[in-house]
Amino acid sequence: MQLPLKEFRGCVRDGRGVGEQQRSVLPTNGQMPLRGLHSRSSRRVDHTGAPRRHVRLAAAVSPPPAMPKYAQRSDFLQDSCSLTSTYSPEYVRQRALETPGSLFNVLVRVTDIAVSLGLFAGKLWTDRLTGQEDEPDIVKKRAAELRDTLTYLGPSFIKAGQVLANRPDIVREDYMNELCCLQDDVPSFPDEIAFEIIEEELGKPIDQVFSSFSERPIAAASLGQVYKAVLRETGEDVAVKVQRPGVEPNILRDLFIFRSLASLFDEFAQQRLGCRPELIVDEFGEKLLEELDYEQEARNIQEFYQNLKSDPTIKIPWVQSDLCGKRVLVMEWIDGIRCTDPQAIKSSGLDVGGFIRCGVVAGLRQLLEFGLFHGDPHPGNIFAMRDGRIAYVDFGNVAQLSQRNKQTLVDAVVHAVNEDYQSMAEDFIKLGFLAPGTDISPIVPALENIWTDSKGQSLASFNFRTVTSRFNELVYQYPIRIPERYSLVIRSLLTQEGICMTLDPEFHFLEVAYPYVARRLLTDEDPQLRERLFQVLFSDGKFQWKRLENLIMLAREGSGSSSKPGLDLSDTVRDAVRVLLLDERLRTQVIMALTEDNKLRVPEVMSVLRLVQDDIQPNKLIQDFVRGAPQLSRQVLLGWADKVLVS
């Protein structure tokens, strides 16, 4: 019997294998005054009656943790960064079995899960007996039934299904496509219960904090629902997200069941399949509990705000942190056009092409500059503002990449644009897609075929979904695994490309992505990126003049997609001169490049100068050299003196 799960040859060996989505959306809706709401007595005693002042970016509600919010882990996670989480197997077990009747509830839940999944497995078995298991109509029907089964089983299974929808190393592609349609929308829970939860978290009646409050929730999902309100003190519109009652105990019970089952197969899976189900469940549980913690989400919003506040093309809502709690989040109301309505965006008069470029660059900045990126940028979480900015909501599902992984991603993009497939395969090892020591010789030509076929004759014909689909085939043929953080990256990029193609069917991802990366390599002052630039320009001991020209042309193409207009290479030239004066090895390489094959490379130099003549500001360059001359001279003399002393 061929189950929808593929053979686990590429399954994650270090536990980095899962992620999840939360789908809460914030459309506009009418509001009602608070006259009909009944005040309830406060159940919290740690609030004073003093009037609150509106602070958009105050400290988080809870005291700051002893360790950084985004701490680097030194264990099996291999240099990835982790958000703070309450998850641990012991914590889950304690919470799942904390009352005398808990064990009975667990047994009832196990029965419900076993019956639901057993019926589905029986249908798969019947299909195999009748020889119908691979017939397209039957496969499509069974995939839809799996989606319905997971929806019936509740939030934990919905989240698990959304994770598997982006794991080609675990699930067959036909089932993946159906799981992509998994929706989180469920009926709302009673407003009276929601208002009670809000007042418990606020420590005071609702009408003391808000002057109006929507009569019904604006949106409802499996983890919570959203209301629109107006702050009494400032008159500003806010979104109030409140957690569904009882959702945390139910999820903890399911996680306990998942991990108990995983422990039964852990040794078998390690010996036969090369992965540890326990660690996969642990990673899934950690991310899911992060999403349940609205205080963590408030900190995520603040982090995004700090990272992107200087970018005039991006809108990150402020969060009213003194009104947030574990189960309630109060943030700025985003009044824009949701990307679920592309026709409204097109008819609004916005520059659609400019908005698309803003979105792509915003995603790349999150990924490659800050490493902290939105893990669920589906159309309901992205808005087009009236002034052309792109706005994000729902920050419960975010992930972070380490500095090393960010640098390797930049390397991978550069190697792709230079068609250096050997280095691309080596990047796969650095990123964790391949185990250290893997023979990459058969993978190099496979990568070349995929990239060449997907890219076509030019960047204009490239489609990220196409190359991802082809890469999924590669996963079945080679021992490739997809670490959790990169499954989120892939999902994020695919989702954003899908939104862009809905707005403009002629959109091509690399037409924006490549120029952005080239621009960063040429203009960013990060020393590590400067080192990457030199690595790109020198290959096999020779200077790659064509690569330099390609980078300049690509960076100029991307000038209109950045928040800073135009391409200014003045700082790049200044830094290059400084490095040449201080780095004898690099200086020797450049001299060798200019005199390669015993002839002066005057034509190549003139070609580059013609390319950059409009991108350099001579006055700025001269001023920088004059200001930096004393310090630079001192560094050169010290380096010369050290060399003399050593000799």
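Residues numbered from 1 in each chain as written. Predicted model: local features only at pLDDT ≥ 70, side-chain atom pairs only at ≥ 80, totals over all residues. Heavy atoms only, no water.

A. Just the overall build of the protein, in detail. For the protein, the helix and strand inventory stands at 23 helices and 16 strands. Looking at the protein as a whole, 53% of its 647 residues qualify as buried. Residue pairs at least 24 apart in sequence account for 75% of intrachain contacts in the protein once pairs closer than 6 positions are excluded. For the protein, the exposed area adds up to about 29,800 Å²; of that, 55% sits on carbon and sulfur atoms. (Helix = DSSP H or I, 4+ residues; strand = E, 2+ residues; numbered from the N terminus. Buried < 20%, exposed > 50% of the residue type's maximum accessible area, 1.4 Å probe, protein only. Contact = heavy atoms within 4.5 Å. Areas by Shrake-Rupley, 256 points an atom, 1.4 Å probe, with all protein chains shown as cover.)

B. Structural context of the pattern of salt bridges. Summed over all chains, the structure comprises 24 salt bridges. A salt bridge links lysine 241 to aspartate 394, with the shortest nitrogen-to-oxygen separation between them at 3.8 Å. Of the two residues, lysine 241 is situated in strand S7 (residues 237-243) and aspartate 394 in the loop between strand S13 (390-392) and strand S14 (398-400); the sequence distance between them amounts to 153 residues. Exposure remark for aspartate 394: the relative accessible area of 3% places this residue in the buried category. Across the pair arginine 259 and glutamate 278 runs a salt bridge whose closest N-O atoms are separated by 3.6 Å. You can see arginine 259 sitting in helix H7 (residues 247-272) and its partner glutamate 278 sitting in helix H8 (residues 277-292), a full 19 residues away along the chain. Comparing arginine 259 with glutamate 278 shows no difference in burial state: the two are buried. One connected set of salt bridges, linked through shared partners, spans Lys123, Asp127, Arg142 and Glu145. (Salt bridge = Lys/Arg side-chain N within 4 Å of Asp/Glu carboxyl O.)

C. Structural detail: the packing of helix H11 (residues 352-370) against helix H16 (residues 484-503). Close contact between H11 and H16 brings their axes to 10 Å; oriented N to C, the two are set at 175°. Looking at the two axes, H11 sits roughly antiparallel to H16. Between H11, through Val352, Phe355, Ile356, Gly359, Val360, Gly363 and Leu367, and H16, the contact on the second element is made entirely by Val489, Gln496, Cys500 and Leu503. In terms of residue class, the contact of H11 with H16 is made up of 8 nonpolar, 3 polar and no charged. (Axes fitted to C-alpha atoms, helices over the stretch in contact; angles between N-to-C directions. Parallel < 35°, antiparallel > 145°, perpendicular 65-115°, else oblique. Nonpolar A, V, L, I, M, F, W, Y, C, P; charged D, E, K, R; others polar.)

D. Examining the pairing of strand S9 (residues 328-332) more closely. Taking burial as the measure, the 5 residues of S9 include 5 buried ones, the bulk of the element. One ladder, built from 5 bridges, connects S7 with S9; its direction is antiparallel. When the bridges of S9 are listed, alanine 239 appears paired with methionine 331. (Pairing = 2+ DSSP bridges.)

E. Quick look at helix H2 (residues 102-129). Taking 1.5 Å of rise per residue, the 28 residues of H2 would be expected to cover 40 Å, and the 40 Å separating its terminal C-alpha atoms lies within 8% of that figure. Among all positions of H2, only Ser102, Val106, Arg109, Ile113, Ser116, Phe120, Leu124 and Asp127 are buried. Residue glycine 131 follows H2 closely and has a positive phi angle near 75°. (Expected span 1.5 Å × (residues − 1).)

F. Structural view of the sheet that holds strand S10 (residues 337-338). One open sheet accounts for 4 strands, arranged S8-S13-S12-S10; its pairing is mixed. Taken across any chain shown, the strands that pair with only one partner, and hence form the sheet edges, are strand S8 (314-315) and S10. Sheet topology note: the S8/S13 ladder contains 2 bridges and is parallel. Note that in S13 the partner of isoleucine 314 across the bridge is isoleucine 390. The strands touched by H11 are S8, strand S12 (382-384) and S13; relative to S13, the strand with the most contacts, the crossing angle is about 45°.

G. Just a nonpolar patch on the surface, in detail. A cluster of nonpolar side chains, Leu261, Leu264, Phe265 and Phe268, forms an exposed patch at the surface whose accessible area comes to about 440 Å². By relative accessible area, phenylalanine 268 is classed as partly exposed at 43%. (Patch = residues over 30% accessible without salt bridge, like charges linked within 9 Å, V, L, I, M, F, W, Y side chains within 5 Å.)

H. How the structure looks around the confidence of the model for the protein. Looking at the protein as a whole, the pLDDT averages 77, with 78% of positions reaching at least 70. In the predicted structure, residues 559-565 sits below a pLDDT of 50 and forms 15 contacts with residues beyond four places in sequence or in another chain. (pLDDT = per-residue confidence, 0-100.)

I. Local environment of the packing of aromatic side chains. This model, assessed by the stated rule, comprises 9 aromatic pairs. Centre to centre, the rings of phenylalanine 304 and phenylalanine 395 are 5.0 Å apart; their planes meet at 55°, and the pair counts as tilted. Taken together, the residues phenylalanine 304 in helix H9 (residues 294-308) and phenylalanine 395 in the loop between S13 and S14 connect sequence positions 91 residues apart. Taken as a pair, phenylalanine 304 and phenylalanine 395 share a single burial class, namely buried. Between the aromatic rings of phenylalanine 433 and tyrosine 486, the centroid separation amounts to 5.5 Å while the plane-to-plane angle is 35°, which identifies the pairing as tilted. Residue phenylalanine 433 is located in the loop between helix H13 (421-431) and helix H14 (443-455), and its partner tyrosine 486 is located in helix H16; the two are separated by 53 residues in the primary sequence. Across the pair, tyrosine 486 and phenylalanine 433 agree in class, each one buried. An aromatic cluster is built from Phe195, Phe210, Phe213 and Tyr227, whose rings are joined through pairwise contacts. (Phe/Tyr/Trp six-rings, centres within 6.5 Å; stacked < 30°, edge-to-face > 60°.)

J. Seen up close, helix H6 (residues 191-202). The first and last C-alpha atoms of H6 sit 16 Å apart over 12 residues, in line with the 16 Å expected at 1.5 Å per residue. Along H6, 9 of the 12 residues are buried, which leaves the element largely enclosed by surrounding structure. Taken together, the buried positions of H6 are occupied by Asp191, Ala194, Phe195, Ile197, Ile198, Glu199, Glu200, Glu201 and Leu202. After H6 finishes, the residue glycine 203 shows a positive phi value of roughly 80°.

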